[in-house]
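The residues making up each chain are set out below.
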Amino acid sequence: MNQPREQIVPSRLALAHISKSFPGVKANEDISLSIAPGEIHALLGENGAGKSTLVKIIYGVQQADEGTISWNGEPVAIPSPKAARKLGIGMVFQHFSLFDAMTVIENIALGLDEAVDREELKARVAAILESYSLPLDPDREVHTLSVGERQRIEIVRCLLQKPKLLIMDEPTSVLTPQEVERLFSTLRQIAAEGCSILYISHKLSEIRALCDSATILRAGRVVATCDPKVETTKRMAELMIGAELRKIEHSKTAGAGAVRLSVTGLSLPGEPPFGTDLEAVSFVARAGEILGIAGVAGNGQAELLTALSGERLAPGPATIQLDGKAIGQEGAGARRALGLACVPEERNGHAAVPDFSLADNGLLTARHRVPLAPHGWISRGSVKRFADSVIKLFDVRTTGYGALARSLSGGNLQKFIMGREIGQQPAVLVVSQPTWGVDAGAAAAIRQELVDLAAKGSAVVVISQDLDELLELADRLSVINEGRLSAPRPVASLGIDEIGLMMGGVHGAEAAAHA
Amino acid sequence: MLEWRRRREPSLPMLALSPLIAIALTMALGMIVFTAMGYDGFHAVGSIFLTPFLEPQRWADIGVKAAPLVMIALGLAIGFRANVWNIGAEGQYVMGAIAGTGVALLTYQMTGWWILPAMVLAGILGGMAWAAIPAFLRVRLQVSEILTSLMLTYVAVQFLYFLVRGPWKDPDGFNFPQTRMFTADQTLPTVLEGTLVHLGIPAALLLALVAWLLMEKTTAGYAVKVVGLAPAAARHGGFSAERTTWATMLLSGGLAGLAGLFEAAGPFGQLTPQFPIGYGFTAIIVAFLGRLHPLGIVFGGIVLAATYVGGEIAQSTVRLPQAATGMFQALLLFMLLATDVLVRWRISWKRRAA
């Protein structure tokens, strides 16, 4: 596209015909792309499209089977992340590697390749914070920080190495709208100073707002390279998933049904060391509606879910009522038998056992409502049939009910878990981050299932950090912040700025004061 | 150079093969070590691992030694699956024997079919009671059961020494530190006339079958596995980790106590200071050699029992010291843990890239 210019100024990074296979999958096949100095380049694709593998190859975590990498026009080998950093490649991962009990500056010092004098480091960090006007206190302990602030630590870590290419992996997945705006202005400033940015995301609106060009991956191959400011969002989405997008269909009757779940004044201390206390949480969920609970991670969502699921008991029986029955002191099994199903955010090790087959994972929570183990004797046939039906109905891509949960991609495992719970026809379904890390096609299918479940008369509670998802799904929305839940309000009456401010809570106010 | 690649799923053939590879490696290494020490290494290994199987008159002896190993290992393996590390089976084994012997001494002048079942019950309860202490400490105070169960073993052994030298010493025993011999009604019947093969052997096989059914076919066994693999998922699925800890500790303690009682009422016929010979510890190796699987444990019990029998043979044929048996058993555990890597990793030769 930019052939003439590239001959004068070589690309910062150019990949030619990169291929990488794992046993059973071609993760990357013949991928070529180039990024100019100072360009913000989007890498767009569903989960499993090969974005992570490609990025790992660029950052030296993995080696390509075929193809060449050029850096400023020179062919290079990148055998390790350390070599990548030496070239000038920095990366901010989706999951931060920070120690909660240490301060910001200690975390930065730990992440550096060479030892730097503490005072000198402080001065350099302060200079970076100032020149990019990033609000961050170097002496705060990490567990007191919001997710946006934690991300800034990682960005500062990278900027200290004066990178020529910054890789950002799904950076906005857990940020409030205000934090996203702040991040974007930082990234634009970094790019303006000549640093290239490789921006990985599946959020099309962000890519349109931020990026100069985009490479779209599907099933390990490049399907298109385009200018996201010119291309329509719909067209990019269709390129990404390779099919026409399905629109969520809401039922018309939502919102007026009987109360199925009611929570009254639920207070519960957080589990040490960094748990959040729930403080007088009250809400009702009615038959036929989807109640959305928004909030930035770590504000009590996990505690609320375990309190509802019965993994932790409420202080009094009447605090939680299911169809009018007091269940606050009932355990997880009893609650599920009565029709309250929950899906926690963490799939591996919480919602599912990674080393178990799908069949055995079906048994984990479905045995209370589906006769899989009458009188404590497991009926292998029923267990297999149940898992099989979930796999078929929810289009789980796997080799069969015998496949280990850990062998499935995150999205496929989530489809199985959602299917397992929805398949039990619960009276109330509480689900945290239903589509986190799930590709667009599967996410749409899961959301449709939630809408359909509500339409059949169940109450659905969706706890999510993804505002777009909540606005699309929920009939009413409340926000959880520092363990307190705001009164639910009809989604139609809310503006996105308003929700963002509610989500930000104290942190948001602080950020505003710093700016 | 060696290239290591993580397998996507654990290899099933390797799961079955790795214990056999471990045995082969133990034999090879044992041969080298004993040859280097100036013994006839080839015959030493042959005596320990092969002779017991090749000479039919040794089979009964293998069975007698395998029975307690299998019984104890079955209970331990179920606990290990739940991440409950009962290392003190030896102590529970001793306490089971003590409790059963207590009943035997009380019923010294009585007769009746009920005496042996009463001893069996006491043996099980004795082992359970001893295991209940670490269970309570772990559930209530989060004290590691590894330490408490191990330390309680030494308490149990000292208690045994006290009893056989003091209150329970046989009044007609010429001051030897041992209890009275058990009467006919207090002794385990033999199953095969004229051999040592006692009721404990079929009992161990039956228990292995029951343990297999429990682990594979019931929600209780399922709970044990979930609690061990993913505690948060267990909680989510409505299983209680505390109850599982209690259940597996009591089960493994009870089985160890039963094995102890069978040993006292079988081969020993009384209690003596020589009674604790380390079956409770060897059973840990049996459990791992059997891959924590009830049917694998039967195999593991036979192999380890053979090393006891073979160790005695090697003492006379190649003059190997008695400690050699323990060394082979320890070597086997090392090799087992090492070959475990093969289950999750694929290792191949790869020439270094230029």
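Chains are numbered independently. Their residues run from 1 in the order of the written sequence. The naming scheme follows written order: chains are lettered A onward, ligands numbered 1 onward. Per-residue local features are limited, in this predicted model, to residues with pLDDT of at least 70; the limit for side-chain atom pairs, both in listing and counting, is 80 or more; totals at the level of whole chains, interfaces and linings are taken over all residues. Only hydrogens and water are removed before side-chain values are computed, so all heavy atoms of the structure are retained for them.

Engineer: Looking at this structure, how should I read the pairing of strand β10 (residues 221-226) of chain A?
Structural biologist: Successive residues of a regular strand alternate their side chains across the two faces of the sheet. Residues and elements named next belong to chain A. Whether two strands pair comes down to DSSP finding at least two bridges between them. Think of it this way: any DSSP run of H or I at least four residues long counts as a helix, any run of E at least two long counts as a strand, and we number them from the N terminus. Sheet analysis places strand β9 (residues 213-218) next to β10, joined by five bridges and oriented antiparallel. Note on β10: the bridge partner recorded for A214 is C226. Where β9 folds back on β10, the antiparallel hairpin that results is connected by two residues, among which A219 adopts a positive phi of roughly 50°.

Engineer: What should I look at first to understand the domain arrangement of chain A in this one?
Structural biologist: Bring the parts together and some accessible area is lost; that lost area is often taken as the interface size. Domain boundaries assigned for chain A yield domain 1 (3-241) and domain 2 (259-353 + 426-514). Residue ranges assigned to each domain were obtained from an automatic or database domain assignment. Put simply, the middle of domain 1 of chain A and the middle of domain 2 of chain A, counted by C-alpha atoms, are 32 Å apart.

Engineer: What should I look at first to understand the nonpolar core in this one?
Structural biologist: In globular proteins that are soluble, nonpolar side chains generally tend to be buried together. Nonpolar cores were defined as sets of buried Ala, Val, Leu, Ile, Met, Phe, Trp, Tyr and Cys residues, with membership established by side-chain atoms within 4.5 Å. Think of it in three bands: with a 1.4 Å probe and only protein chains considered, a residue is buried below 20% of the maximum accessible area for its type, exposed above 50%, and partly exposed in between. Counting 93 residues, the largest nonpolar core has I72, Y93, M119, F262, L271, L304 and L320 of chain B as the members making the most contacts within it. Whether two residues are in contact is decided by their heavy atoms: any pair within 4.5 Å suffices. Those residues in contact with I72 of chain B, other than ones at most four positions away along the chain, are A89, Y93, A256, A259, Y279, G280 and A283 of chain B. Core analysis: the next-biggest nonpolar cluster, separate from the first, contains 60 residues, A359, I378, A405 and A474 of chain A among them.

Engineer: Looking at this structure, I do not really get the interface of chain B and chain A. What am I missing?
Structural biologist: Counting residues at the interface gives 21 residues for chain B and 33 residues for chain A. Buried area, as used here, totals the accessible surface that two parts lose on assembly, with accessibility defined by a 1.4 Å probe and the loss added over both. Interface of chain B and chain A: buried area, both sides summed, is about 2300 Å²; carbon and sulfur atoms make up 59% of it. Taken as a group, Y222, R235 and H236 of chain B account for 31% of the area that chain B buries against chain A, more than any other trio of residues on that side. For the purposes of these results, a polar contact is taken to be a pair of N or O atoms within 3.5 Å, where, inside protein, one atom must be able to donate a hydrogen and its partner to accept one; residues adjacent in sequence count only when each atom of the pair is a side-chain atom. In this assembly, chain B and chain A are joined by ten residue pairs in polar contact (both at pLDDT 80 or more). Secondary structure elements with two or more residues in the side of chain B that touches chain A: α7 (200-217), α8 (219-229) and α9 (231-236) of chain B. Residues were grouped as follows: Ala, Val, Leu, Ile, Met, Phe, Trp, Tyr, Cys and Pro as nonpolar; Asp, Glu, Lys and Arg as charged; and all remaining residues, including Gly, as polar. Here the side of chain B that touches chain A is composed, by residue class, of eight nonpolar, five polar and eight charged.

Engineer: I would appreciate a short explanation of the packing of aromatic side chains in the present structure.
Structural biologist: Note on aromatic pairs: each is described by the distance of the centres and the angle between the planes. Between the rings of Phe, Tyr and Trp (Trp by its six-membered ring), a pair exists once the centres lie within 6.5 Å; its type follows the angle of the planes, with under 30 degrees stacked, over 60 edge-to-face, and the other angles tilted. Summed over the entire model, instances satisfying the criterion amount to 16 aromatic pairs over all chains. For the ring pair F184 of chain A and Y199 of chain A, a centre distance of 6.1 Å and an interplane angle of 80° mean the geometry is edge-to-face. Here F184 of chain A, found in helix α7 (residues 177-192), pairs with Y199 of chain A, found in strand β8 (residues 196-201); they are 15 residues apart in sequence, far enough to count as distant. Take F184 of chain A: its relative accessible area is 2%, and that puts it in the buried class. Aromatic side chains Y93 of chain B and F275 of chain B sit 5.2 Å apart centroid to centroid with 15° between the ring planes, which places their arrangement in the stacked category. One end of the pair, Y93 of chain B, is in helix α4 (residues 89-106); the other, F275 of chain B, is in the loop between α10 (241-268) and α11 (279-289), and 182 residues separate them in sequence. Relative accessible area serves as the criterion here: at 0%, F275 of chain B is assigned to the buried category. One aromatic cluster is present, formed by Y93, F268, F275, Y279 and Y308 of chain B through successive ring pairs. Charge-over-ring contacts are defined here by two conditions on Lys NZ or Arg CZ: a distance within 6 Å of the ring centre and an angle within 35 degrees of the ring normal. The ring of Y161 of chain B has R165 of chain B sitting right over it, with the charged end atom 5.2 Å from the ring centre. Across the ring face of Y108 of chain B, the terminal group of R180 of chain B is positioned such that the distance to the ring centre comes to 3.7 Å.

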